[in-house]
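Here is how the chains run, residue by residue.
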Amino acid sequence: MAIVNTARKAFKLSEIAQAVQHNRPIGPDSAFFVEFSDLRGDFNEKIVLEALNVELIDGVPTFDPDTYSNEKKLLFLGGMRGSGKTTELAKLSKMLSVPSCFYCVTCNADQELDMNDVEYVDILILQMQKLLAALAADGVILSNAPLKKMELWFAERDQEAKKVLTVGGELDLGFKAGTGDGATGLLGPLMSLIGSLRAGISGSKAWMDSVRTTIRNKFTEFAFIFNTFIDEANQALRKKKLGQEVFFIVDGLEKTMTAELRRKILLDDANRLQQVKAYSIFTLPIELMKERLKLGQFSQIESFPFVKVSNRDGSTNGLALARFRDFVYKRIDEKLFAKEEIVDEMILLSGGSPRQLLQIIEKAKQLTDNSAGKITQVAYEEAKRRLVNDASRYLSSEKIDCLKQLKEVVDQGRKVKFEPVLEDLLEDLIVMEYNDGNYKRVNPLIEESEIYQQEVLGIDPK
């Protein structure tokens, strides 16, 4: 999702809605930005940098292409929806985008591809298109001979895809095939060809299948062309002092509509992922964290958990609570809350999820009597009641049984074993994950529900 760095703090009730938009991740340059990395258990940015062969020299990220250019590391950052992965990746991009390190290219799959129907080939073409656009914007010139070879290869693939759909000598697409964005210069022809293929992927089903099949059938060639392009780009970037190596950030894969699609992209196409040689980091959907052994054969996986606001013994993590207060008050003037205790209750109810906290505040504001001039305890309690009911409405007997087992294990201080139904609970945010995944707890919204208290805690709702 696109990063938003503009920020306007709310000083009136009517301004709160724009300050808590939870579907607009912020970047490190935003006035709303708060650093949570040191409160995410085993997550450590230093490990990420070392995995990418980046060294901090006098505080400046540095990549040595003579030593590491041939390694082409692939990382997966795995975490639950709403944990703040997009903001973390934006911070990482800013940190590494210096001449001594990487030339970062971010691809927002959830915004730029069809999340109902997406394949790895689509993502790779998007990566190439985004890099081409960035190079053209920065005036980077590639060697002419390899560039012409790439143009020829993509022109042949474009013609092959169109030939499949030719009926009676006419191209039957249901729409006119794309021709790129009208770019000029040495990169213009290649950008137009890639644009044509991208238009196919977002166009009619027949044209989409034709483009994908054409490239899949020649994927080894495609990977070679892509890798050659990356090498050429790296050399040109070093000459222009824009970076030492291309680095792709691919975000939003967890927003594909089905787990089957996500598995197909990252596991079924694992052999294709391995053929592509470029420094990259992909977000990893939470349900695929269990596939560490398979993915770890050709990549490194780092967990990006929620912030632990409540400890295992039920006590409050004071440092996390204070950091989240800062998170709230950077967005909303503290005078817009009837008392600070309301903010603390909201933070604890969020379970350490920045997105869930914003949703709680948003709902409380919607239920606030404007004449009060501030969010009251009454409005918060009503917001909590509604959010709790929404979160727990579809708890099945199977899920409740799993929650009972989870409570028993956590109370005894034992490790939580993986169960298939637990995967669904994590994906649905019914259960939240902390540290390196060894600490799981029930989402506070679920814990507050009558059905949880009745079925799991044995408390009579009467």
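The rules behind these values
- Residues numbered from 1 in each chain as written.
- Predicted model: local features only at pLDDT ≥ 70, side-chain atom pairs only at ≥ 80, totals over all residues.
- Heavy atoms only, no water.
- Helix = DSSP H or I, 4+ residues; strand = E, 2+ residues; numbered from the N terminus.
- Buried < 20%, exposed > 50% of the residue type's maximum accessible area, 1.4 Å probe, protein only.
- Contact = heavy atoms within 4.5 Å.
- Phe/Tyr/Trp six-rings, centres within 6.5 Å; stacked < 30°, edge-to-face > 60°.
- Lys NZ or Arg CZ within 6 Å of the ring centre and 35° of its normal.
- Pairing = 2+ DSSP bridges.
- Axes fitted to C-alpha atoms, helices over the stretch in contact; angles between N-to-C directions.
- Parallel < 35°, antiparallel > 145°, perpendicular 65-115°, else oblique.
- Left-handed = near helix turned anticlockwise from the far one by under 90°.
- Nonpolar A, V, L, I, M, F, W, Y, C, P; charged D, E, K, R; others polar.

### Observations regarding the environment of glutamate 381
Here's step 1: Note on placement: glutamate 381 falls in helix H17 (residues 377-392).
Here's step 2: Glutamate 381 gets classed as partly exposed once you look at its relative accessible area, which sits at 32%.
Here's step 3: Glutamate 381 sits 238 residues away from serine 143 along the chain, and the two C-alpha atoms are 64 Å apart.

### Comments concerning helix H15 (residues 340-350)
Here's step 1: The set of residues buried in H15 consists of Ile342, Val343, Asp344, Met346, Ile347, Leu349 and Ser350.
Here's step 2: For H15, the secondary structure elements touched by its buried residues are helix H14 (318-329), helix H16 (354-366), H17, strand E10 (431-434) and helix H20 (444-447).
Here's step 3: Taken from the residues just after H15, glycine 351 is the one with a positive phi, measuring 70°.

### Side note on the packing of aromatic side chains
Here's step 1: According to the stated counting rule, one finds 19 aromatic pairs in the structure shown.
Here's step 2: Geometry around tryptophan 153 places arginine 157 over its ring, the cationic atom sitting 4.7 Å from the centre.
Here's step 3: Seen from the ring of phenylalanine 219, arginine 272 lies directly overhead, with NZ or CZ sitting 5.4 Å from the centre.

### Structural notes on the sheet that holds strand E4 (residues 102-108)
Here's step 1: Spatial ordering of the open sheet is given by E4-E7-E8-E3-E9, a layout of 5 strands whose pairing is parallel. Looking at which strands have only one partner, the edges of the open sheet turn out to be E4 and strand E9 (300-303). Strand-to-strand, the axes of this sheet are offset by a mean angle of 20°, without reference to chain direction.
Here's step 2: Together, strand E3 (74-78), E4, strand E7 (245-251) and strand E8 (279-284) form the strand contacts of helix H4 (residues 85-96), whose direction differs from that of E7 by roughly 170°.
Here's step 3: Sitting on the sheet, helix H10 (residues 219-240) touches E4 and E7, and the angle it makes with E7 is about 120°.

### Topic: the packing of H16 against H17
Here's step 1: It is the contact of H16 with H17, at a shortest axis distance of 8 Å, that shows an interaxial angle of 120°. Of the possible angle classes, the one that applies to H16 and H17 is oblique. For H16 against H17, the interelement crossing comes out right-handed. Residues Gln359, Ile360, Lys363 and Ala364 of H16 form the contact with H17, whose participating residues are Ala379, Tyr380, Ala383 and Leu387.
Here's step 2: In the contact of H16 with H17, the residues fall into 6 nonpolar, 1 polar and 1 charged.

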